[in-house]
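If you want the building blocks of each chain, they are given just below.
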Amino acid sequence: MKNKYFGTDGVRGLVGRLPITPDFVMRLGFAAGTTLVARESLPVGERPAVLIGKDTRVSGYLLEAALEAGFAAAGVDVMLCGPMPTPAVAYLTRALRLQAGVVISASHNPYEDNGIKFFSAGGKKLPDAVEAEIEARLGEPMGCMDSARLGRARRINDAAGRYIEFCKSTYPNDLDLRGLKIALDCAHGAAYQVAPAVFHELGAEVVSVGVSPNGVNINDAVGATAPESICRAVLENAADIGIALDGDGDRLLMADASGKIYDGDQLLYIIGRERAARQGTQGIPGVVGTLMSNLGFEHALARLEIPFARAKVGDRYVLELQQERGWPLGGENSGHIICLDKHTTGDGIIAALQVLAALRGNGETLAQACADLAMYPQRLINVRMPKGFGWRNDPALLAAVAAAERNLDGRGRVLLRASGTEPLLRVMVEGEDGALVATSAEEIAAAARNTIGTVPPPPSHGMG
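Residues numbered from 1 in each chain as written. Predicted model: local features only at pLDDT ≥ 70, side-chain atom pairs only at ≥ 80, totals over all residues. Heavy atoms only, no water.

A.B. asks: Would you take a moment to explain the sheet that holds strand β11 (residues 261–262) for this structure?
C.D. replies: By definition, the strands of a sheet pair up through backbone hydrogen bonds, in either a parallel or an antiparallel sense. One open sheet accounts for five strands, arranged β8-β7-β9-β10-β11; its pairing is mixed. The sheet is open, and its two edges are formed by β8 (205–209) and β11, each paired on a single side. As defined by bridge partners, strand β7 (residues 181–185) adjoins β8 across five bridges and the pair is classed as parallel. If you follow L184 over to β8, its bridge partner there is S208. Sheet contacts for helix α7 (residues 228–236): β7, β8, β9 (241–245), β10 (252–256) and β11; angle to β7, the most-contacted strand, approximately 150 degrees. (Pairing = 2+ DSSP bridges. Helix = DSSP H or I, 4+ residues; strand = E, 2+ residues; numbered from the N terminus. Contact = heavy atoms within 4.5 Å. Axes fitted to C-alpha atoms, helices over the stretch in contact; angles between N-to-C directions.)

A.B. asks: Looking at this structure, I do not really get the pairing of β7. What am I missing?
C.D. replies: Taken residue by residue, a regular strand's side chains alternate between the two faces of the sheet. Counting buried positions along β7 yields four of five residues, so the element is predominantly enclosed. In this view, the connection linking β7 to its parallel neighbour β8 by way of helix α6 (residues 194–201) has right-handed handedness. (Buried < 20%, exposed > 50% of the residue type's maximum accessible area, 1.4 Å probe, protein only. Right-handed = clockwise from strand over helix to strand, strands pointing away.)

A.B. asks: Whenever I open this one, a nonpolar patch on the surface confuses me. Can you help?
C.D. replies: Taken together, the side chains of V58, Y61, Y111 and V216 present a nonpolar region at the surface, about 380 Å² in accessible area. Among the secondary structure elements, V216 is positioned in the loop between β8 and α7. The class for V216 is partly exposed, based on a relative accessible area of 37%. (Patch = residues over 30% accessible without salt bridge, like charges linked within 9 Å, V, L, I, M, F, W, Y side chains within 5 Å. Areas by Shrake-Rupley, 256 points an atom, 1.4 Å probe, with all protein chains shown as cover. Salt bridge = Lys/Arg side-chain N within 4 Å of Asp/Glu carboxyl O.)

A.B. asks: How do you make sense of the packing of helix α3 (residues 86–95) against helix α5 (residues 159–169) when you look at a structure like this?
C.D. replies: Two quantities define a packed helix pair, namely the angle between the helix axes and the distance between the axes. Relative to each other, α3 and α5 sit at 95 degrees, their axes nearing to 10 Å. Compared by their axis directions, α3 and α5 come out roughly perpendicular. Counting all contacts with α3, which are made through P87, A88, Y91, L92 and R94, the residues of α5 involved are A159, R162, Y163 and F166. For the contact of α3 with α5, the per-class residue count stands at seven nonpolar, no polar and two charged. (Parallel < 35°, antiparallel > 145°, perpendicular 65-115°, else oblique. Nonpolar A, V, L, I, M, F, W, Y, C, P; charged D, E, K, R; others polar.)

A.B. asks: How should helix α13 (residues 395–408) be read in this particular structure?
C.D. replies: The α-helix winds at 3.6 residues per turn, so residues separated by three or four positions along the chain end up facing the same way. The terminal C-alpha atoms of α13, which comprises 14 residues, lie 20 Å apart, in line with the 20 Å expected from a rise of 1.5 Å per residue. For α13, every residue scored as buried is listed here: L397, A400, V401, A404 and L408. Around the axis of α13, the buried residues are gathered within 100 degrees of arc, so they sit on the same side. Pointing more than 90 degrees away from the buried face of α13 are the exposed residues P395 and R406. Against the buried residues of α13 lie β17 (412–418), β18 (424–431) and α14 (434–452). Among the residues of α13, the N-terminal cap falls to D394, whose side-chain oxygen and the backbone nitrogen of A396 are separated by 3.4 Å. Following α13 by one or two positions, D409 has its phi on the positive side, about 55 degrees. (Expected span 1.5 Å × (residues − 1). Arc of directions from axis to C-beta. Polar contact = N/O pair within 3.5 Å; in protein donor to acceptor, adjacent residues only side chain to side chain.)

A.B. asks: I tried to follow the side chain of T34 on my own but got confused; where do I start?
C.D. replies: Relative to the helices and strands, T34 is located in helix α1 (residues 22–39). For T34, a relative accessible area of 17% translates into the label buried. Within the local environment of T34, its side chain forms a polar contact with the backbone oxygen of A31, the two atoms lying 3.0 Å apart. Apart from the residues lying within four places of it in its own chain, the contact partners of T34 are A74 and R137.

A.B. asks: Please clarify how the environment of L424 should be interpreted in this entry.
C.D. replies: Mapping L424 onto the fold places it in strand β18. With relative accessibility at 8%, the residue L424 sits in the buried group. Considered as a pair, L424 and L373 are 51 residues apart in the sequence and their alpha carbons are 30 Å apart. Look past the residues within four positions of L424 in its chain and what remains in contact with it is N382, V383, R384, M385, R417, A418 and S419.

Here it is, written out as structure tokens:
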């Protein structure tokens, strides 16, 4: 059964509209808390506890308080770590032996949005079965424990230091970053305090941008979703390399000294190539990508005799396939890179360290490490669509796709998919001929817009 509130990355939406309202988030905290209490068999006298972290959106204060109240009402203790990257919450939940971790973030979305996502005690995304159980409890009235059994809250003052040391521990002991000048863009987001410290303490000279959050500037023309920002920072500061994170610190793009951007596919290739050279193909049994992963990336891995498999778009699906196959490396071209031998989830800082370790170990630049990787031109266009639009069966849209596939003549591919986090239809065309790719994508997007323009709006549910 499809969840009503949980999407591919937790519960997300526009602040002030269901489900991102104070009353709903408090009920979500209570439902999650009662689910944890029911599922856990703790020693007598030990109380269930969760960790709550957030990014730098102004709405984080409101939602943090609402979640805290809901958990406390359910008899669950709350530990607060303030602004902290999503993967840091996953790590700290596991390190502190807590029952769950909660992140208040809408990742790469603008500040007007926010969301709630959960990690299990093991630092992994919450299983579907647990999400379904929380959904079911949301339909029940909210209660409250008696005063003696209410949860308590306290702050974890050393959370940042713990996470910084964990990130540094994933970098080889025999290497450092001395002599390297890094431009680092933290998107005015959750990593603004910890990321500069990680790279600096490993020896790099760090020039930081996007480290002055004010509650409303997260992801605003900075970070991994605005690569021109890191390009500019690299060139203006004559940096050797650029690192751009997104608002919650789990997505990564990099730039070389010339300002050229390297996406998730290219960075994952660098990591996989280095590990194959160091460990042999037996040490890297395969790499997981997604339906959006570039064909050139797949072909380059094949030349290295590294198996490749595609998951549905979304880091949770990449992770699921990695676990199913027992493959340590996986990721998306958007910059989510998961190194399961280093962490339980995607982590932008740790992924960057794995790329830097490959480059430093081989004495290479990003361009040199990608010399054998020829990326196919891709064109991605987002088309806003109403809820429930039947794009899979629309005749005009299907005809436009068929025409594009005929023109590509087996030398490319077309992919349409609905976003899991936004009301968008994503149109992607990829192929050898860049001009044909761009034209085909525009024609399919135009067909989608024309059809959507004839779809009647959903019925009003006003108060009048």
